[in-house]
Amino acid sequence: MAVAETQLYAKVSNKHRSKSTSVLLESLLAKGFPAHIAQKALAATGQKTIEDAAKWLHSHCNDPSLEDPIPQEYALYLCPTGRLYNHLQEFWKESKRQCGKNRAHEVFPHITLCDFFTCEDQKVELLYDTLKRVGDNFSQCFPPSISLSLHSSTSYLGFFIGDSHANILKEFALAFSSEASALADCHVKPCLKQFHLTLAHKFYPHHQKTLEQLAKFINPGETCQWVAALYSRDMRFVHYQTLRALFQYKPQNIDELMINTGDFIYVDPTQQSDVSEGWVIGTSHRTGCRGFLPENYTERANESDTWVKHREYVFVTTSRFFTQSENKPNIKLNGEVHNPCMSRSVTNVLSLQNATLRRGVLVMRHGERVDQVFGKSWLQQCLTADGKYYRADLNFPSTLPKRKDSMKHFEYDPPLSCCGIFQSRLIGEALLDQEVTVSYVYSSPALHCVQTAQHVLQGLNLDQKVKIRVEPGLFEWTKWEASRVIPNFMTVTELAEAFYKIDTSYRCNFPLSSLVPSESYEEYVSRSSAAIKQIITTCSSKGKGVIIIVGHGSSLTSFTRPLIGLPARDSSDFAQVVRKIPSLGMCFCEEIKEENKWQMVNPPVKTLTHGANAAFNWRNGSVED
């Protein structure tokens with residue numbers, strides 16, 4: 001790019017591309033909105049267009065906090081663009097896929113210049129003027145490229161900025177903070193410590209080596225155009241979790257929240273203890289309204305997904321030219337931009353990883369039980385006067401397996417519902433589609449777990465090849481048993497006679513007699529840790545393949561944490577985590593044999609989400625008035 005064209009691009013890029021704030025405000029005032037409400041709408045939408053502000057006002061017409069004089073929080077970030085940004089995005093995606101989400105994934109790649117500060121709505125335009133003015137002053141001395149050196153520790157991975165370039169950034173941040181503080185009458189604190197661009201933060205220590213290998217394929221000297229960008233966020237929800245709605249939900253009761261697909265919802269984790277299972281209470285980012293919503297209609301979003309970009313200053317240096325290598329096109333795959341060089345690098349890492357992976361452990365919760373749908377008294381709904389079972393609803397199983405003792409024992413050892421059977425088979429089919437090789441299947445002795453394992457194997461077309469090993473040590477925390485006694489499970493012989501594919505030759509590590517009613521949390525943790533380690537040892541000499549463990553909601557944390565070397569959760573945290581795990585929720589651990597350790601990665605199949613379907617009486621809706 002010629003020097004004249006570069007300078008022209010810099011001038012155009014850094015001009016305000018929207019109407020001035022005063023013109024926008026006057027337009028809203030002319031529509032009859034009060035000044036403080038109009039200014040709040042402009043600040044919340046980045047003061048870009050009258051249409052954005054008017055749409056925000058319309059959406060927030062029932063917002064109980066609309067009149068509250070709460071300002072936005074603002075931060076100034078230096079953000080990379082171009083090929084360096086593409087490589088960072090590839091790293092973001094691969095690190096999340098291989099090692100799970102860490103704190104760095106909450107925000108896009110950036111260098112913090114000024115951390116979050118508050119500014120009154122009517123003074124925000126002064127921040128824009130300051131950014132433009134300070135940017136112009138530093139445009140000539142801004143470095144053509146920024147020196148980045150990789151730094152790694154057990155909980156942090158990122159690039160540190162070289163001293164000479166860091167000094168320029170500090171001067172820029174200091175100049176912005178000083179001028180903004182004086183003009184906008186707000187306290188702006190510049191970042192004066194070690195400048196850095198975070199790649200990963202607060203990850204499990206055993207993921208450090210994997211993350212370092214991925215980071216080595218990021219070339220910090222790649223072509224990059226740096227942009228100083230001003231972002232804002234709602235200060236009321238800083239410590240909340242952000243959820244994204246996957247489906248629309250229309251309230252059935254007055255205390256429920258209306259959500260549209262793609263809506264963001266702020267949820268305070270400390271306020272969920274008294275909420276009914278499967279529900280959360282949150283505040284809509286789109287409307288400001290608060291209410292209950294079904295948790296399985298949402299997924300976790302990133303913290304920065306709700307932030308608003310206000311203005312940016314593009315640093316375009318005259319010494320940067322495009323070369324032939326810089327003009328190599330990015331390739332779009334499935335709508336996403338992929339850089340061929342980076343893709344090959346990541347492929348190399350994946351090949352290296354796959355060479356060392358030997359086994360996997362897939363821990364899953366059972367499918368939907370009948371008592372989850374019809375309550376603890378489900379059996380009474382299905383028994384005739386002479387004690388025979390009949391199908392009172394299509395979601396009840398057509399028959400119950402035969403057992404030698406009383407049928408009443410099914411009350412505390414309930415079977416799967418028909419939907420639970422469908423769920424389990426669907427998971428098996430998904431595993432088959434992903435070509436997952438299953439070597440062993442272990443199950444808790446609970447009937448619904450054995451049935452889940454059976455139908456997963458049927459979905460995999462392995463029900464004639466792989467048999468189920470029933471292991472009492474996999475049963476859930478006995479303190480949670482409503483009967484306060486260990487359920488009277490069907491025996492292995494009874495299960496086999498009922499045509500479940502049971503490995504009758506398997507000798508369990510924990511006999512049923514070893515399960516203690518109302519065991520302490522420490523006893524449960526110790527039992528779970530011993531059970532998973534004995535399973536791994538038993539299967540260690542059989543080569544590659546996945547070990548499926550079908551258990552309970554508690555299994556996902558109590559079996560995986562000792563496997564990857566993490567201590568048990570506190571009992572209070574444990575209960576909060578377990579109550580949110582849905583039917584067929586799963587965790588997946590892979591073995592890195594050369595390093596003699598296991599790591600948790602994304603499961604090989606997607607999650608299964610569906611809505612409720614209440615009982616219906618045709619008389620109520622069609623005949624009776």
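Cut-offs applied
- Residues numbered from 1 in each chain as written.
- Predicted model: local features only at pLDDT ≥ 70, side-chain atom pairs only at ≥ 80, totals over all residues.
- Heavy atoms only, no water.
- Helix = DSSP H or I, 4+ residues; strand = E, 2+ residues; numbered from the N terminus.
- Contact = heavy atoms within 4.5 Å.
- Areas by Shrake-Rupley, 256 points an atom, 1.4 Å probe, with all protein chains shown as cover.
- Pairing = 2+ DSSP bridges.
- Axes fitted to C-alpha atoms, helices over the stretch in contact; angles between N-to-C directions.
- Buried < 20%, exposed > 50% of the residue type's maximum accessible area, 1.4 Å probe, protein only.
- Expected span 1.5 Å × (residues − 1).
- Arc of directions from axis to C-beta.
- Salt bridge = Lys/Arg side-chain N within 4 Å of Asp/Glu carboxyl O.

**As for the overall build of the chain**
And step 1. What the chain contains, in helices and strands, is 18 helices and 20 strands.
And step 2. Long-range pairs, those at least 24 residues apart, make up 77% of the contacts in the chain with a sequence separation of at least 6.
And step 3. Accessible area of the chain: about 30500 Å², with a carbon and sulfur share of 52%.

**Examining the sheet that holds strand S8 (residues 264-267)**
And step 1. Pairing is antiparallel in the open sheet, where five strands are placed in the order S10-S9-S8-S7-S11. Two strands in the sheet have a free side with no partner beyond their single neighbour: strand S10 (290-294) and strand S11 (298-300). Direction aside, neighbouring strands of the sheet carry axes that sit 45 degrees apart on average.
And step 2. In the sheet, S8 pairs with strand S9 (residues 279-284) via three bridges, with the strands oriented antiparallel. Residue pairing in the sheet places valine 267 in a bridge with glycine 282 of S9.

**Examining the pairing of strand S6 (residues 226-233)**
And step 1. With respect to burial, S6 is a largely interior element, eight of its eight residues being buried.
And step 2. Bridge analysis of strand S1 (residues 72-80) against S6 gives eight bridges, and the strand direction is antiparallel. Across the sheet, leucine 76 pairs through a bridge with leucine 230, a residue of S6.
And step 3. Of the strand pairs in this sheet, S6 and strand S12 (residues 308-315) are connected by seven bridges, and their pairing is antiparallel. Considered in S12, the bridge of serine 232 is made with valine 308.

**Considering helix H7 (residues 163-184)**
And step 1. Counted at 1.5 Å a residue, the expected span for H7 with its 22 residues is 32 Å, and the 31 Å between its end C-alpha atoms agrees.
And step 2. Those residues of H7 lying buried are His165, Ala166, Ile168, Leu169, Phe172, Ala173, Phe176, Ser177, Ala180 and Ala184. When H7 is viewed along its axis, its buried side chains cluster within an angular range of 165 degrees and face the same direction. In H7, the exposed positions angled more than 90 degrees off the buried face are occupied by Asp163 and Ala182.
And step 3. Two residues or fewer after H7 comes aspartate 185, characterised by a positive phi angle close to 55 degrees.

**A closer look at the pattern of salt bridges**
And step 1. Going through the model one piece at a time under the given rule, you end up with 22 salt bridges.
And step 2. Taking the shortest distance from any N to any O, the salt bridge between arginine 236 and aspartate 234 comes out at 2.8 Å.
And step 3. For the salt bridge of arginine 403 with aspartate 405, the shortest nitrogen-to-oxygen distance reads 2.7 Å.
And step 4. Residue class for arginine 403 comes out buried when judged on its relative accessible area of 11%.
And step 5. A relative accessible area of 28% places aspartate 405 in the partly exposed class.
And step 6. Sharing partners across several salt bridges, the network here consists of Glu73, Arg103, Arg233 and Glu303.

**Quick notes on helix H3 (residues 35-44)**
And step 1. Across the ten residues of H3, eight count as buried, placing the element largely inside the fold.
And step 2. Among the residues of H3, Ile37, Ala38, Gln39, Lys40, Ala41, Leu42, Ala43 and Ala44 are the ones counted as buried.

Treat this as a map of the structure, not an account of what it does.
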